[in-house]
Amino acid sequence: MVEPAVQFAEVSASRGGRLVLRHVSLSVPQGQTVALVGRSGSGKTTLLRLVNRLLDPDSGNVLVDGRSTRDWDPIALRRRTGYVIQDTGLFPHVTVADNIATVPRLLAWPADRVATRVDELLTLVGLEPAVFRERWPDELSGGQRQRAGLARALAADPPLLLMDEPFGALDPITKGELHAEFLRVQRTLHRSVILVTHDMAEACALADQIAVLHEGELIACDTPANVKASGDPRVRALMGRSG
Amino acid sequence: MTELLAFIVSHRVEMATRLGEHVVLVAASTAIAAAIGIPLGIVAAQRPSLSRPIVGLANLAQTIPSLALFGFLIPLPFIGGIGTRTALVALTVYAVLPILRGTITGLQNVPPAVVECAVAMGLTPRQVLRQVEWPLALPSIVSGLRVAVVIGVGTATIASAIGAGGLGDYIFRGLAMVDATVILAGALPAALLALAADAALAAAGHLADPRRRARRHVVVLAIVVLAAAVTMWSGRVTGGPAHLVVGSKNFTEQVVLGELVAQVVERQAGLTVERRLNLGGTAIAHEALLSGGIDIYVEYTGTALTAIFDEPAAADSEQVFAVVRDRYAALGLTLLPRLGFNNTFAILVRGDDARRLGMKAISDVAGQPAWKAGFGYEFLERPDGFKGLSAAYGLQFAQAPRVMDLNLIYRALAAGEIDVTAGDATSGLIEALGLTVLDDDRHYFPVYDAAPVARAPVLLQYPAVAAALRGLAGRISAADMRRLNFAVDGEKRDPAVVVRGFLDKIGGF
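All of these numbers come straight from a predicted model, not from anything done at the bench. (Residues numbered from 1 in each chain as written. Chains lettered and ligands numbered in written order. Predicted model: local features only at pLDDT ≥ 70, side-chain atom pairs only at ≥ 80, totals over all residues. Heavy atoms only, no water.)

Visitor: Any details on empty space enclosed by the protein? Residues and values, ideally.
Guide: Over the atoms a probe the size of a water molecule is rolled, and this reveals where empty space is left. The final tally for this structure, using the stated rule, is five cavities of 30 Å³ or more. Reported here for the largest cavity is a volume of approximately 70 Å³. Looking at the largest cavity, the residues that line it are Arg78, Arg79, Thr81, Gly82, Tyr83, Val103, Arg152, Ala153, Ala156 and Pro158 of chain A together with Met121 of chain B. The set of elements that each furnish at least two residues to the lining of the largest cavity consists of helix H2 (74-79), strand E6 (81-85) and helix H7 (142-154) of chain A. The element that contributes the greatest number of residues to the lining of the largest cavity is E6 of chain A, accounting for three residues. Along the lines of polarity and charge, the residues of the lining of the largest cavity split into six nonpolar, two polar and three charged. (1 Å grid on protein atoms, 1.4 Å probe; cavity = no way out; pocket = protein on both sides within 12 Å on 5 of 7 lines; lining within 4 Å. Points joined across faces, edges and corners; volume = space filled by probe spheres on them. Helix = DSSP H or I, 4+ residues; strand = E, 2+ residues; numbered from the N terminus. Nonpolar A, V, L, I, M, F, W, Y, C, P; charged D, E, K, R; others polar.)

Visitor: Tell me about the interface of chain A and chain B, residues and numbers included.
Guide: For interface size, the figure often reported is the accessible area lost on association. Between chain A and chain B, the residue contacts involve 26 residues of the former and 19 residues of the latter. With both sides pooled, the region where chain A packs onto chain B buries about 1,900 Å², and carbon together with sulfur makes up 65% of that total. When the buried surface of chain A facing chain B is broken down by residue, Phe91, His93 and Trp136 of chain A rank first, second and third, together holding 29% of it. The interface formed by chain A and chain B includes one salt bridge. Residue Arg49 of chain A is joined to Glu116 of chain B by a salt bridge in which the shortest nitrogen-to-oxygen separation is 2.7 Å. Counting across the chain A and chain B interface gives five residue pairs in polar contact (both at pLDDT 80 or more). Going through the elements one at a time, H2, E6, helix H3 (96-100) and helix H4 (102-106) of chain A are the ones with two or more residues in the side of chain A that touches chain B. For the side of chain A that touches chain B, the residue count by class is 10 nonpolar, eight polar and eight charged. (Contact = heavy atoms within 4.5 Å. Buried area = accessible area lost by both parts, 1.4 Å probe. Salt bridge = Lys/Arg side-chain N within 4 Å of Asp/Glu carboxyl O. Polar contact = N/O pair within 3.5 Å; in protein donor to acceptor, adjacent residues only side chain to side chain.)

Visitor: Break down the packing of helix H6 (residues 112-120) of chain B against helix H7 (residues 125-156) of chain B for me, with residues and values.
Guide: All names here are of chain B. Packing of H6 against H7 brings their axes to within 10 Å, and their N-to-C directions diverge by 165°. The orientation of H6 with respect to H7, classified from their angle, is roughly antiparallel. Between H6 and H7 the crossing geometry is right-handed. Contacts from Val114, Val115, Ala118 and Val119 in H6 reach Val128, Val132, Glu133 and Leu136 in H7. (Axes fitted to C-alpha atoms, helices over the stretch in contact; angles between N-to-C directions. Parallel < 35°, antiparallel > 145°, perpendicular 65-115°, else oblique. Left-handed = near helix turned anticlockwise from the far one by under 90°.)

Visitor: Describe the sheet that holds strand E4 (residues 59-64) of chain A, listing the residues and the values that go with them.
Guide: Residue and element names in this part refer to chain A. Pairing in this open sheet of four strands is antiparallel, and the strands run E2-E1-E4-E5 from one edge to the other. The open sheet has two free edges, formed respectively by strand E2 (18-28) and strand E5 (67-68), since each of these has just one partner strand. Strand direction decides the pairing type here: strand E1 (residues 6-15) and E2, joined by seven bridges, are antiparallel. Paired with Val6 across the two strands is Val28, which belongs to E2. Across the face of the sheet, helix H1 (residues 44-51) comes into contact with E1, E2 and E4 while running at roughly 120° to E1. (Pairing = 2+ DSSP bridges.)

What follows is the structure in structure tokens.
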């Protein structure tokens with residue numbers, strides 16, 4: 001049997017002295033997209049951050065490729081884990097190309113390989129390299145920033161991608177475009193992806209599996225179709241909210 | 001304005017030196033402050049529990065008045081004393097806060113999402129700092145540096161009081177002379193320097209903007225050129241270690257006497273002399289001599305007796321000299337022979353009155369009860385001023401003496417508003433306004449004979465210096481001193497040039 005990309009085993013974690021995750025167990029199979037859905041404060045972002053050791057659990061284990069994150073060198077772990085967040089965190093003081101080239105350069109790729117890779121990624125996320133390479137982050141629209149952020153996360157070809165509300169701040173039309181873009185990219189690359197969102201419709205559109213968190217506990221984990229059919233009022237409330 | 005231009009032109013060499021000292025003081029103190037403030041700011045920004053006490057401490061240091069801070073530093077070993085080193089310490093203390101604050105603010109204002117992404121991408125803490133936080137905080141750090149430099153240029157003018165030189169020399173000299181031109185000669189270049197330094201740093205910060213990276217090498221080049229220029233300038237100004245250091249207090253006569261001693265030593269003993277003219281006062285000059293910050297300066301016997309050794313004033317020239325010489329000797333200092341003039345109070349009348357009435361001495365004034373007298377406030381109040389004077393000479397005036405500003409009494413006398421006053425025996429205005437000094441025939445006023453005082457070990461090391469200074473004994477009359485003062489105060493000539501002309505004229509040097 002193939003090792004899961006990420007496995008949470010009885011994980012509990014607290015932030016600022018408050019317990020925000022209680023005994024969560026969840027498995028993310030290789031090459032699949034798992035959406036973490038829940039209201040604000042449900043613990044979904046905390047769960048995501050345990051994966052690349054931005055946080056460590058109080059108890060339980062987070063296994064990445066079968067190895068506990070406590071045994072990973074955090075720097076090495078992070079360099080093979082793409083990370084995309086809502087306000088993208090693009091470095092405002094360097095160009096789009098330099099943003100995308102950050103991790104390849106940390107890994108000491110030769111300059112020509114970095115340049116080729118940057119153009120390849122810009123094309124992949126639908127940004128014309130000749131136009132966007134030398135742009136500054138504040139010259140991009142919200143949608144273009146998210147595309148650049150995704151390209152940066154994919155730069156060193158990480159097997160695992162963590163995305164925290166990556167499409168949260170976009171207008172509905174741009175969001176729809178990027179959903180289509182994400183599915184197209186994922187059909188080509190087949191990365192293991194953990195996607196945090198409060199939007200059940202987005203989760204249904206993008207994920208192979210949906211994990212629903214409520215006040216720090218995992219209350220459902222199933223395919224989109226089965227989650228949609230759930231009778232749990234807490235799950236139904238999330239469906240209603242996203243319309 | 002024309003006066004100011006004329007002053008600047010006639011003092012251009014000295015001015016270039018002062019400006020150079022000023023630039024070096026500010027540049028060096030800002031550089032040291034940056035070397036302290038930036039790393040401290042980085043540490044503090046990461047630990048908010050540390051940043052509060054650090055910023056608080058820096059704030060506190062900032063509130064110490066600058067003259068007081070210089071005062072505190074003088075008696076301290078290693079960092080204290082007189083001159084450039086102490087000034088650098090004080091200026092650095094003031095420059096640290098804005099740089100520290102700029103660094104902390106800059107780092108704390110880096111968007112958290114950007115830092116989070118940098119960490120999540122696998123940058124090490126050091127890489128996060130160097131590649132992300134530092135470039136984003138740089139504009140704020142540059143503005144901190146700009147504030148520090150502007151404060152530094154201003155505060156460095158006060159460094160003159162402890163002998164660090166700089167443009168403050170003119171400001172203090174001008175204040176002592178009540179001459180706006182001289183004050184402006186220091187204040188105006190200082191203000192321009194502050195503006196220029198601020199603009200240069202702003203331009204450097206602007207060019208360092210990553211979006212203009214192509215011009216980055218220009219900035220680097222400019223900084224290198226600037227640093228080289230400053231280094232060369234400072235090298236030229238100091239020109240290697242001098243054999244000995246001559247000091248003076250911060251009024252015209254003292255500057256002239258300091259220059260005179262320096263030139264005599266240079267001419268007669270063939271030694272190189274560093275000048276620390278314009279020290280803030282008797283206490284600072286004396287402290288400087290004791291600590292070895294300076295080797296020689298000219299003091300007045302009466303001042304030494306009362307202000308340094310805390311004895312009552314006395315009028316017997318020989319006796320005062322002997323007492324002061326002994327007291328200095330106990331401190332390892334040598335009082336050299338008197339220069340020949342007594343800078344005491346002088347009772348002044350108009351020259352034509354003196355000639356018409358055949359007046360020579362103060363006792364002759366007793367025969368003029370109808371005269372109007374006018375004195376400075378202090379002279380009227382002091383027991384050894386007018387009260388003692390009128391008792392000693394039996395002076396009676398029909399009208400009570402008028403109280404006048406000390407700076408106006410000479411002109412009031414010349415204009416006939418008053419007929420007799422008490423001035424400064426070596427004021428340059430006495431000859432210039434045609435006034436006559438009446439002889440103190442009853443020896444009422446304390447003596448303030450000018451005499452060089454030197455560190456004894458220096459005289460032992462360089463016997464030629466002692467010989468040269470003994471050669472000055474009795475060579476400068478009160479009339480000479482008045483002419484020298486007037487040449488500098490009234491004619492606005494460079495003290496060095498005036499002294500050179502005087503030494504050539506009296507000969508023997």
